[in-house]
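Working through the structure, step by step
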Amino acid sequence: MLTMVKRNASHYVSRVFKGARIAGVCALLTLNAVPSVFAAQRVIVNEAHIEVSDQSQRTQQAALKEALKQVFVKMSGSTAVLDNAGVKAALRTPQAMLRSYRFDFDGNRTYYVAEFDNTKLTELLQREMLPLWGDRRPETIVWIAQDVSDEDKRVILEESSQSELTLTLKQTAKERGIPLSLPLMDLTDNVNITTYDVWGRFVEPLQTASVRYGIDNIIGARVYKNDPTVIPELPETVVASGTVDSLEDVLDSEPARMSDQNIERDTPEGITNSNSDISADSDVTKETEIGDNSALGMAETNANTQAQPLAPFTMDEFTHYAKRADEGDFALDWVFIGGGKVSYGSIYGDTPELLASELVDAYSNYLSSLYAVVGIDASEREVLTVSIANVGTIGSYASVKAYLNSLSVIESATLIEQSGTVATFALTLVGTVDDLLNSVRLETKLRPVTDAHGESVEGHSFYWSN
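Residues numbered from 1 in each chain as written. Predicted model: local features only at pLDDT ≥ 70, side-chain atom pairs only at ≥ 80, totals over all residues. Heavy atoms only, no water.

The next thing to look at is the sheet that holds strand β5 (residues 109-116). Strand order in the open sheet formed by three strands is β3-β5-β4, and the pairing between neighbours is antiparallel. Two strands lie at the open edges of the sheet, namely β3 (47-52) and β4 (98-106), each paired on one side alone. Strand after strand, the sheet turns through a mean of 25° between neighbouring axes, direction not considered. Direction of pairing for β3 relative to β5: antiparallel, over a ladder of six bridges. Each bridged residue has a counterpart across the sheet, and for Glu47 the counterpart in β5 is Glu115. Contacting β3, β4 and β5, helix α2 (residues 57-76) runs over the sheet at an angle of about 140° to β3. (Pairing = 2+ DSSP bridges. Helix = DSSP H or I, 4+ residues; strand = E, 2+ residues; numbered from the N terminus. Axes fitted to C-alpha atoms, helices over the stretch in contact; angles between N-to-C directions. Contact = heavy atoms within 4.5 Å.)

All right, on to the confidence of the model for the protein chain then. On average, the protein chain scores 77 in pLDDT, and the residues at 70 or more come to 70%. Across residues 1-36, where pLDDT falls below 50, the model places 47 contacts with residues more than four positions away in sequence or in other chains. For the stretch residues 234-313, pLDDT sits under 50, and the model shows 185 contacts to residues farther than four places along the chain or on other chains. (pLDDT = per-residue confidence, 0-100.)

Another aspect to go through is helix α4 (residues 118-127). Because each turn of an α-helix spans 3.6 residues, side chains separated by three or four positions end up pointing in the same direction. Within α4 the residues assigned to the buried category are Leu121, Thr122, Leu124 and Leu125. Projected down its long axis, α4 carries its buried residues within an arc of 165°, all on one side. Those residues of α4 hidden inside the fold are in contact with α2, α3 (85-92), β5 and β6 (131-132). You can read the cap of α4 off the contacts: a side-chain oxygen lies 3.0 Å from the backbone nitrogen of Thr119, and it is on Asp117. Two residues or fewer after α4 comes Met129, characterised by a positive phi angle close to 55°. (Buried < 20%, exposed > 50% of the residue type's maximum accessible area, 1.4 Å probe, protein only. Arc of directions from axis to C-beta. Polar contact = N/O pair within 3.5 Å; in protein donor to acceptor, adjacent residues only side chain to side chain.)

Following the criterion strictly, the structure yields four cavities of 30 Å³ or more and no others. Here the second largest cavity is characterised by a volume of approximately 90 Å³. Looking at the lining of the second largest cavity, its residues break down into four nonpolar, four polar and two charged. (1 Å grid on protein atoms, 1.4 Å probe; cavity = no way out; pocket = protein on both sides within 12 Å on 5 of 7 lines; lining within 4 Å. Points joined across faces, edges and corners; volume = space filled by probe spheres on them. Nonpolar A, V, L, I, M, F, W, Y, C, P; charged D, E, K, R; others polar.)

This structure, assessed with the given rule, holds 15 salt bridges. A salt bridge links Asp186 to Arg212, with the shortest nitrogen-to-oxygen separation between them at 2.8 Å. With Asp186 in the loop between β10 (180-181) and α6 (187-192) and Arg212 in the loop between α8 (203-210) and β11 (217-225), the pair connects residues that are 26 residues apart, well separated along the chain. According to the relative accessible area criterion, Asp186 is partly exposed, its value standing at 27%. Within the structure, one salt-bridge network assembled from shared partners comprises Arg42, Asp135, Arg136 and Glu443. (Salt bridge = Lys/Arg side-chain N within 4 Å of Asp/Glu carboxyl O.)

Here Ile410 lies in strand β17 (residues 410-419). C-alpha of Ile410 to C-alpha of Leu384: the two residues are 26 residues apart in sequence and 9.9 Å apart in space. Once residues lying within four places of it in the same chain are set aside, the contact partners of Ile410 are Leu404, Asn405, Leu427, Thr428, Leu429, Val430 and Leu436.

Moving on: the packing of α2 against α4. To characterise two packed helices, one gives the angle between the axes of the helices and the distance between these axes. The geometry of α2 relative to α4 is characterised by a closest axis approach of 11 Å and an angle of 65° between their N-to-C directions. As for the relative orientation of α2 and α4, their crossing is right-handed in sense. In this structure, α2 uses Leu68, Val71, Phe72 and Met75 to contact α4, whose residues at the interface are Asn118, Leu121, Thr122, Leu124 and Leu125. For the contact of α2 with α4, the class distribution of residues is seven nonpolar, two polar and no charged. (Left-handed = near helix turned anticlockwise from the far one by under 90°.)

Now for the nonpolar core. Ile144, Leu169 and Leu332 are the most contacted members of the largest nonpolar core, which totals 29 residues. Broken down by secondary-structure element, the contributors of at least two residues to this core are β8 (140-148), α5 (164-176), β11, β13 (330-338) and α12 (352-371). Per element, the largest residue contribution to this core is nine residues, and it comes from α12. Those residues within four positions of Ile144 in sequence are excluded, and the remaining contacts are Val155, Ile156, Leu157, Leu165, Leu169, Val198, Ala221 and Val223. Within the second largest apolar cluster, 26 residues are counted, among which are Val45, Val52, Ala90 and Leu121. (Core = buried A, V, L, I, M, F, W, Y, C linked by side-chain atoms within 4.5 Å.)

The next point concerns the packing of aromatic side chains. Following the criterion strictly, the structure yields ten aromatic pairs and no others. Arranged with centres 5.7 Å apart and planes meeting at 70°, the rings of Phe103 and Tyr112 form a pair that is edge-to-face. Look at Phe103 and you get buried, because its relative accessible area is 19%. Judged by its relative accessible area of 2%, Tyr112 falls in the buried class. Look at Trp143 and Tyr213: their rings are 6.3 Å apart centre to centre, the planes differ by 75°, and that puts the pair in the edge-to-face class. Here Tyr213 lies in the loop between α8 and β11 and Trp143 lies in strand β8, a separation of 70 residues in the sequence. Residue Trp143 is classed as buried on the basis of its relative accessible area, which comes to 0%. An aromatic cluster is defined as three or more aromatic residues linked by ring pairs; in this entry it consists of Tyr101, Phe103 and Tyr112. Its guanidinium or amino end placed over the ring of Trp199, Arg222 lies 5.9 Å from that ring's centre, counting from NZ or CZ. (Phe/Tyr/Trp six-rings, centres within 6.5 Å; stacked < 30°, edge-to-face > 60°. Lys NZ or Arg CZ within 6 Å of the ring centre and 35° of its normal.)

Here is the structure:
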C-alpha cells in the first residue's frame, strides 16, 4: 500500500507541474521578498571528536560514552539534558546509537571520532520532550582583546592564532556545534578597528569591522588579570537608553522551560544547569535595545528585570570590584550584539582558557533558548498551511520538500495544492509557529513575502530561493 501511495503522489506531482508550466507565473511572484535573515551554517550535530591516549578497547569504550554525551549536548544545545532519565539510559548502552567510528590524527594528538544515528537521537529527544536544535546554526564572529601582562601590551586575537585561549575557544565551539570565527586582522581589519575599540567593547566599531564578514551575531570581549589593585580603563562611552533585559534570565529560564515539559518526572530533584556557576560568578548583565523590538533572534524583554542601561564599565561595577577579586585570577568582560540588541556582562575564572570555554558554553545555551524546539505531544501538534512561490518544476518541488523535512520543527510536509508556481504545503509542527519562523530566518531559502506597500501578506507565504 505504501508503494502505491508513493507512485500516486509522484504521478500527481508530475501532472501538477506539467500544468504549472502552462499556467505561467503566479501573482505572488510580483511581491517583494523580505531579506530579514541571519547568516547561518550547517553543522554536523551527530558526530563527536574525543581526544584519546591510545586505541585500546577500554579507551574506545570510555571515548564512545563521552562522544554520545557531547552529541546529546550538541543536538539539544543544553548540558541539562544529561540529567534526563531517558538520556542516562541511552548512555549506558551507547553502542545502540553508534553508526560508525574512526581515528583521526592531528600532529601528536589522536582523536576517536564517533558518528551516531541521527534518527534514533532525534526520536529520543522528542519522546522525552527535550529541546532539539537543528543543524542550521547562526554564525558568530568574536573580537577578543587580551591583556598580555608579561609583554605589557594588548593584542586582538586573530583567526590564525595558535594561543591556548584561541584553541580552547574554537574547540568548545566545535563541541557545542556553534559556527564561530575570529577576525583575520589583515590590513582591512587594522584600518577598520583598533585594539582600543575591542578593549572598550564599542558597539559601532565592532559592527563596522564585522560587515565584511557578513555575520550578524558579534561578540566583543576583553581578557585581563583580575587584580583588585589595577582597575581596567574606563571606556568613554555611553550605551543608548532603552529597554534593558538580563541575558542570565534567558539562561536561567532554560531548565525551567524544560521542566515545564515534564522533564522532572524522570529527575525528582529537578534539573540544574551545569553552567549555573557562570551566572553565579557573572556580573549583572545589561541588555539594551538598539533596533526593532520585533526582530527575531533575541529574547523578549522581561518587564520584571527592567533597569537603567549602564556603560560597559561603570562606577556601579567598581563598587563590587574588590569583592570579585577572589572569584578568579582572570576576568572576561563581553558584549553581545545581535538581533538588534546589545548585552554586556562579565565572567571570572582561574585561567583565560577556562573563561573562553565558559563564554562559549553560556552563549550556546543562550542560542539554544532561541532556536531549539521543545517537543509537543503528538495529539497537540499543529498543522500549518503555508504557500511557497517559485516552485515551478519537479526539481524545485523536491528541493522544497527536502528542505522542509530537514527542519527540526517540522514532523512532516505534504503538498496539498499547486496553482501555477505556488505550492501549498500542510506542515505538521513538533514546535510552535515562532520556532518555524526562527528556523526559516536562519537561511535565505525561504523568504517571507510582502505586497507592493511592504505589508506582510496575510497567512504564511514564502518565496523559494534555491
